[in-house]
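# Structural overview for review
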Amino acid sequence: MNTIVELYEQIHKFENNKQLLEYKLRFQDVPVWPLVRVSIVISCIDKKVGTYRERKREQMAERANELEEFTTRNPFFSLPKDVIYIGFPNDDMLRHEDGLIYDERIKAYMDVNQKSSMLVSVISKDEFDYAYQNWKSDYFIHYLAHKKEKGCKDDHKMASEFIRYLKNNFPLEIDDALSKTIFNTIIHYSRWLSGYVEAWKVYLKIVRPSLVIECDGCYMGILHVAMNLACNDLNIPTAEIQHAWEGKTSHAHYWGEAIIRNGDCKRIFPSYFLTMGKYWNTQVNVPSKKIVVGTHRKYYFKVEQKNENILICLTGVYEIYVDLVEAIINNTGLNTRIYLRLHPTENTKKVRNLFGKFGASNRFQFANEKKLDFYFEQCTYVVSCGSTVIYEALTCGKVVFVPKDIMYECYGLDSIKDKIYLLQEPQMFKELWSRRHELPMKAYNDFYDMNYKKLYGEFINKMRKRKR
């Protein structure tokens with residue numbers, strides 16, 4: 001059976017075929033492959049290998065308070081702003097210590113230019129306290145776009161031909177269910193894309209931004225594709241800020257070379273992809289210009305005596321890590337404290353119950369109450385699966401153990417295997433732990449540039465000058 005990396009390599013090779021990009025919508029000659037690629041990857045790889053975790057989002061109609069959406073939350077009732085942030089879902093935002101709700105990944109960047117920034121949020125709740133000074137809802141954008149439905153019989157014919165082409169040429173199986181998803185996605189864009197472009201253009205002419213920042217802009221959601229087309233027509237640059245791991249097995253940030261060079265593809269991607277550090281520029285392959293703007297998170301390597309404490313950071317397929325946590329508890333001494341941190345958006349009662357039996361040990365505790373840097377300060381050793389925590393821990397000079405499992409493959413961690421210690425199976429932890437005092441602490445400085453205020457501020461100023 002092919003590894004996950006090999007499956008992605010097959011897709012990248014397939015994407016180098018120029019014929020793939022000949023299938024286009026009638027509207028602005030938009031290539032349809034980028035619009036359906038993420039769905040195909042999820043179906044042909046994630047669901048097959050068991051790494052897929054569906055996230056349910058509330059629909060627009062279920063969250064609507066139309067009086068507010070048409071008045072106080074209406075983005076058309078806005079003053080001009082330099083930077084607009086779009087597509088950041090409310091259900092990705094967490095309530096923080098001050099009681100306010102915000103997306104920790106993006107707020108610090110907004111604060112660099114707070115007075116002249118605006119967030120157009122994907123809202124799924126009516127009651128909340130935002131920490132943003134300026135924000136509106138995207139509800140009225142959807143409302144206006146859906147007044148402009150357009151159908152195209154040629155797109156129906158093209159979609160059917162495109163599916164036949166995929167079934168004959170795509171290296172992985174396109175089954176009937178996936179064929180239906182592909183067809184429906186293409187027709188969805190055929191019906192609504194022009195309406196979204198019109199709606200965004202009206203908004204952009206009111207707000208007159210120097211820059212638009214998109215959440216997950218390379219994932220090709222209709223809101224983002226429309227914004228990129230609208231901004232392209234109005235000569236306004238767009239950008240996506242990296243917020244997590246990236247690599248060759250990324251759903252939307254590593255594409256075949258024909259995609260990178262194609263002019264029609266460039267129009268539907270963000271103009272810029274803004275990375276946390278120079279390492280990530282080598283891990284991303286998109287039709288966007290890559291620029292390092294750094295990270296707002298602070299990682300420090302403190303030269304100090306090692307302690308015996310372990311931070312375990314997990315995400316994704318939690319069930320497969322219960323034995324590993326048990327092996328860690330059973331093979332460490334009384335002076336070792338063990339902290340288990342779950343991904344913030346997956347810190348649920350159901351997941352915590354998987355590890356509930358370990359609560360009987362007074363050396364074990366969950367580690368989601370405080371920020372990650374607090375637990376880094378408590379621990380010399382970090383055990384993590386496919387997560388940015390691996391890179392954060394290396395930046396802080398921690399000794400990092402990583403299970404070599406499906407998540408290791410999924411995140412393509414071979415690129416840093418010389419910097420981490422691999423666990424082929426949970427029982428290997430005992431042997432590695434016995435040698436812990438021989439394992440050096442070394443900090444790596446190419447993953448994260450922490451001078452984000454200067455770097456991001458310079459980027460915004462460059463976009464301002466471009467506008468003049």
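Report on the accompanying structure. (Residues numbered from 1 in each chain as written. Predicted model: local features only at pLDDT ≥ 70, side-chain atom pairs only at ≥ 80, totals over all residues. Heavy atoms only, no water.)

### A look at the pattern of salt bridges
Worth spelling out the cut-off: One side-chain nitrogen of Lys or Arg within 4 Å of one carboxyl oxygen of Asp or Glu is enough to make a salt bridge. Helix and strand assignments follow DSSP, with helices taken as H or I runs no shorter than four residues and strands as E runs no shorter than two, numbered in order from the N terminus. Note on classification: 1.4 Å probe, protein chains only; a residue is buried when its accessible area is under 20% of the maximum for its type, exposed when over 50%, partly exposed between these limits.
If you walk through the whole model with that rule in mind, you get 19 salt bridges. Between Lys 148 and Glu 198 there is a salt bridge, with the nearest N and O atoms lying 3.9 Å from each other. On the criterion of sequence distance, the pair formed by Lys 148 in the loop between helix 6 (139-145) and helix 7 (153-169) and Glu 198 in helix 8 (residues 176-207) is long-range, its members being 50 residues apart. What makes Lys 148 partly exposed here is its relative accessible area of 36%.

### With respect to the sheet that holds strand 7 (residues 238-241)
Selection rule: In this scheme, strands are said to pair when DSSP sees at least two bridges between them. Only the contacting stretch of a helix is used when fitting its axis, a line to C-alpha atoms as for every element, and angles between N-to-C directions run 0 to 180 degrees.
If you walk across this open sheet you meet the seven strands as 5-4-1-6-7-8-9, and the pairing is parallel. The open sheet has two free edges, formed respectively by strand 5 (135-137) and strand 9 (289-292), since each of these has just one partner strand. Sheet twist, expressed as the mean angle between neighbouring strand axes with direction ignored, is 25 degrees.

### Side note on the packing of aromatic side chains
Describing an aromatic ring pair means giving the distance of the ring centres and the angle of the ring planes. Our working definition: The aromatic pairing rule takes the rings of Phe, Tyr and Trp, using the six-membered ring of Trp, and pairs them if the centres are within 6.5 Å, calling planes under 30 degrees apart stacked, those over 60 edge-to-face and the rest tilted. To sit over a ring, a charge needs its Lys NZ or Arg CZ within 6 Å of the ring centre and within 35 degrees of the ring normal.
Applying the stated rule across the entire model yields 37 aromatic pairs. Measuring from centroid to centroid gives 6.2 Å for Phe 70 and Tyr 139, while their planes differ by 45 degrees, and the two rings are tilted. Taken together, the residues span a long stretch of sequence, with Phe 70 in helix 4 (residues 66-70) and Tyr 139 in helix 6 at a distance of 69 residues. The exposure class assigned to Phe 70 is partly exposed, which follows from its relative accessible area of 26%. Grouped by ring-pair contacts, the aromatic residues Phe 70, Phe 76, Tyr 139, Phe 140, Tyr 143, Trp 200 and Tyr 203 constitute a single cluster. Across from the ring centre of Trp 255, 4.1 Å away, lies the NZ or CZ of Arg 37, which sits over that ring. Between Lys 370 and the ring centre of Phe 374, over which it is positioned, the NZ or CZ distance is 4.2 Å.

### Points about the environment of Glu 68
Formally: Should any heavy atoms of two residues lie within 4.5 Å, those residues are considered in contact.
Relative to the elements of secondary structure, Glu 68 occurs in helix 4. Judged by relative accessible area, Glu 68 falls into the partly exposed class, the value being 30%. Each C-alpha atom, one on Glu 68 and one on Thr 185, is 30 Å from the other, the two residues being 117 residues apart in sequence. Among all residues touching Glu 68, those that are not within four sequence positions of it are Arg 73 and Asn 74.

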